Amino acid sequence: MLVDKLTAQGATGLSITSESDIVACRKVIRDLTTQLGFGMTDVTRIVTSVSELARNVYVHAKVGEMRWNSMRSPGKIGIEIIFEDKGPGIADINQALEPGFSTAKSMGMGLPGVKKLMDELEIVSVDGKGTLVKVKKWAKVK
Amino acid sequence: MFLKTLSVVKIKNVLLVTVPDDPSDKMVYELQEQVLRSLEKHRSTGVILDISLVNVMDSFFARTIAETTQMVSLMSGMTVVAGMQPNVAITATELGLTLGTAFSALDVDQAFEILNKALS
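Residues numbered from 1 in each chain as written. Chains lettered and ligands numbered in written order. Predicted model: local features only at pLDDT ≥ 70, side-chain atom pairs only at ≥ 80, totals over all residues. Heavy atoms only, no water.

J.: I would appreciate a short explanation of the sheet that holds strand β5 (residues 130-140) of chain A in the present structure.
T.: The strands making up a sheet associate through hydrogen bonds between their backbones, and the pairing can be parallel or antiparallel. All names here are of chain A. Strands sit in the order β1-β2-β3-β5-β4 across an open sheet of five strands; the sheet is antiparallel. Where the open sheet ends on each side, the last strands, each with one partner, are β1 (13-16) and β4 (120-126). The mean inter-strand angle of the sheet, taken between neighbouring strand axes irrespective of direction, is 15°. Relative to β5, β4 runs antiparallel, the two sharing seven bridges. Each bridged residue has a counterpart across the sheet, and for leucine 121 the counterpart in β5 is valine 135. Packing of helix α2 (residues 20-36) onto the sheet brings it into contact with β1, β2 (64-73) and β3 (76-85), and relative to β2 it is tilted by some 5°. (Pairing = 2+ DSSP bridges. Helix = DSSP H or I, 4+ residues; strand = E, 2+ residues; numbered from the N terminus. Axes fitted to C-alpha atoms, helices over the stretch in contact; angles between N-to-C directions. Contact = heavy atoms within 4.5 Å.)

J.: Honestly, the side chain of Thr33(A) in this entry has me stumped. Any pointers?
T.: Residues and elements named next belong to chain A. Within the element layout of this structure, threonine 33 appears in helix α2. In terms of polar contacts, threonine 33 uses its side chain to reach the backbone carbonyl oxygen of isoleucine 29, at 2.6 Å. For threonine 33, the contacting residues outside a window of four places in its chain are Phe38, Val43, Ile46 and Ile79. (Polar contact = N/O pair within 3.5 Å; in protein donor to acceptor, adjacent residues only side chain to side chain.)

J.: Honestly, the interface of chain A and chain B in this entry has me stumped. Any pointers?
T.: Interfaces are often sized by the amount of accessible area the parts lose when they come together. Tallying the contact residues gives 24 residues for chain A and 20 residues for chain B. When chain A packs against chain B, close to 2000 Å² is buried across both sides, 51% of that on carbon and sulfur atoms. Arg55(A) is the partner of Asp58(B) in a salt bridge, and the nearest nitrogen-oxygen pair spans 2.9 Å. One can count eleven residue pairs in polar contact (both at pLDDT 80 or more) joining chain A with chain B. Contributions of two or more residues to the side of chain A that touches chain B are made by α2, α3 (40-61) and α5 (110-117) of chain A. For the side of chain A that touches chain B, a count of residues per class yields eight nonpolar, seven polar and nine charged. (Buried area = accessible area lost by both parts, 1.4 Å probe. Salt bridge = Lys/Arg side-chain N within 4 Å of Asp/Glu carboxyl O. Nonpolar A, V, L, I, M, F, W, Y, C, P; charged D, E, K, R; others polar.)

Structure (structure tokens):
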């Protein structure tokens, strides 16, 4: 599995520099969340969010990075995924979270959709300097 | 079963398109072009998009499917999307995605039945 290979190398991140890295991001997070014990539907929700966010990095900033942290406590598992780029930034974050708003001729479902699929979404963006998007998802386990 | 490339097969007047489990954006773009070119070449009247292997559908993929359906329709064809996995359907709905005017079927068999009825 890709995530095992990366973990063995001590990596907790993946750079996004080409379109094929979107697939790599999905693969890593699919492996990781499955291993952690997330249910199939949650895995799909998380991987779909990763796909949207990794594509945002590639489309708007061309280059960026995805980092992850997994969390495990008795009865509870969690994953935190961070996307960071030095792209143009988001001028108006509230507007970007409105369904249907898009600067990239897409459907504008990406960010508002991610907000629905994940438990936590945090966006820090400086106009002209870059964007950091942090998402989290939790699940109860036996 | 793991499929790495897109498969487009002509069966009578229908194009059966099988999408691999985790298609790249490039492959999704190619799907659109390949379907339309094959439609013209084979003069097919129906398209079945078998997405039973697909385990993640984001807004880009859904938009391309919806657009392709519209293009197929402009070329006088009908599109049926077959075999969406339950997890994918749940996530797509939560995301607010739809497949436009495409018909849907549980599997390829059912998709053929829908097309046969509609096109006969």
